Amino acid sequence: MRPTALDWSVENCTIARAMEVLGERWTLVVLREVFNGVRRFDDMRVRTGVPRQVLTNRLTMLVERGVLRREPYREPGSRERHEYRLTDMGLDLWPVLVAVLGWGDRHLADPEGSSLTVAHRDCGGEVRVALRCERGHDVARPRDVVPRPGPGARRRAD
């Protein structure tokens, strides 16, 4: 049986566009650090072990794409430097990082568990990502979802 998805073009796919921004390993590591409050270049470099040039490139790209913004600061007696803050676009990536963390915890964690958890500030409960349709129904399994062409889809000309 031929999948109906083959009838629609994916040339303007937003998943592919998102992966142009997020698809490199160090990008999510940098975002993890910024979400955890590590905002300064040297702190990120030391904590993560990201090579200096790679970190520079990732931060530059995330600023250019609007995910992060640079904020100046100056330590007494030092030159002006910048720290990196999340924009609204960057903050919208929080569920993505929580989902990746949950997947990693389920499939890749060491026997003693993950080195990071996220908890609800008010009650202390562990935070997880849940899928729900626009009408309020929980979506528990991939087979509960039907892919359909979106408003920007174009019919393929075979």
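Residues numbered from 1 in each chain as written. Predicted model: local features only at pLDDT ≥ 70, side-chain atom pairs only at ≥ 80, totals over all residues. Heavy atoms only, no water.

Notes on helix H6 (residues 94–107)
Every α-helix winds through 3.6 residues per turn, so residues three or four apart in the chain are directed the same way.
Here is step 1 of the chain: Here H6 is 14 residues long and its end C-alpha atoms lie 20 Å apart, about the 20 Å a rise of 1.5 Å per residue gives.
Here is step 2 of the chain: Next to the buried residues of H6 lie helix H2 (25–35). (Helix = DSSP H or I, 4+ residues; strand = E, 2+ residues; numbered from the N terminus. Expected span 1.5 Å × (residues − 1). Contact = heavy atoms within 4.5 Å.)

Some points on the nonpolar core
In summary, soluble globular proteins display a tendency toward joint burial of nonpolar side chains.
Here is step 1 of the chain: Formed by 22 residues in total, the largest nonpolar core has its most connected members in Val30, Leu31, Met44, Leu55, Leu59, Leu62 and Leu68.
Here is step 2 of the chain: Secondary structure elements with two or more residues in this core: helix H1 (14–22), H2, helix H3 (41–48), helix H4 (52–64) and strand E2 (80–86).
Here is step 3 of the chain: Ranked by the residues each element gives to this core, the list is headed by H2, at six residues. (Core = buried A, V, L, I, M, F, W, Y, C linked by side-chain atoms within 4.5 Å. Buried < 20%, exposed > 50% of the residue type's maximum accessible area, 1.4 Å probe, protein only.)

What to know about the pairing of E2
Along any regular strand the residues' side chains alternate between the sheet's two faces.
Here is step 1 of the chain: Here seven bridges tie strand E1 (residues 68–74) to E2, and the two strands are oriented antiparallel to one another. Across the sheet, residue leucine 68 finds its bridge partner in E2, namely leucine 86. (Pairing = 2+ DSSP bridges.)

Thoughts on the confidence of the model for the protein chain
Here is step 1 of the chain: Mean pLDDT over the protein chain: 93, with 99% of residues reaching 70 or higher.
Here is step 2 of the chain: Considering each helix and strand of the protein chain separately, the mean pLDDT is smallest for H1, with a value of 90, and largest for helix H5 (residues 88–91), with 98. (pLDDT = per-residue confidence, 0-100.)

Focus: the side chain of threonine 27
Here is step 1 of the chain: When you line up the elements, threonine 27 lands in helix H2.
Here is step 2 of the chain: The contacts of threonine 27, once residues within four sequence positions are left out, are Val21, Leu22, Arg58, Met61 and Leu62.

Observations regarding the layout of surface pockets
Here is step 1 of the chain: Put simply, the largest pocket is a space of about 640 Å³.
Here is step 2 of the chain: Around the largest pocket sit 24 residues that line it, and Arg32, Leu97, Val100, Leu101 and Leu116 are the ones nearest its centre.
Here is step 3 of the chain: Broken down by secondary-structure element, the contributors of at least two residues to the lining of the largest pocket are H2 and H6.
Here is step 4 of the chain: Of the residues contributing to the lining of the largest pocket, the split by class is 13 nonpolar, five polar and six charged.
Here is step 5 of the chain: Considering only enclosed or pocket space, the second largest pocket measures out at about 480 Å³ in volume.
Here is step 6 of the chain: Together, 18 residues line the second largest pocket, and Ser9, Val10, Arg148, Pro149 and Gly150 are the ones closest to its centre.
Here is step 7 of the chain: Its residues assigned to classes, the lining of the second largest pocket comprises nine nonpolar, six polar and three charged. (1 Å grid on protein atoms, 1.4 Å probe; cavity = no way out; pocket = protein on both sides within 12 Å on 5 of 7 lines; lining within 4 Å. Points joined across faces, edges and corners; volume = space filled by probe spheres on them. Nonpolar A, V, L, I, M, F, W, Y, C, P; charged D, E, K, R; others polar.)

Looking at the pattern of salt bridges
Here is step 1 of the chain: Going through the model one piece at a time under the given rule, you end up with 11 salt bridges.
Here is step 2 of the chain: Here arginine 32 makes a salt bridge to glutamate 33, at a shortest N to O gap of 2.7 Å.
Here is step 3 of the chain: Among the residues examined, arginine 32 registers a relative accessible area of 31% and is labelled partly exposed.
Here is step 4 of the chain: On the basis of relative accessibility, which here comes to 0%, the residue glutamate 33 falls in the buried class.
Here is step 5 of the chain: For arginine 69, the salt bridge identified is with glutamate 71, shortest N-O distance 2.8 Å.
Here is step 6 of the chain: Take arginine 69: its relative accessible area is 37%, and that puts it in the partly exposed class.
Here is step 7 of the chain: Salt bridges here are not isolated pairs; linked through shared partners, they connect Arg40, Glu75, Glu83 and Arg85. (Salt bridge = Lys/Arg side-chain N within 4 Å of Asp/Glu carboxyl O.)

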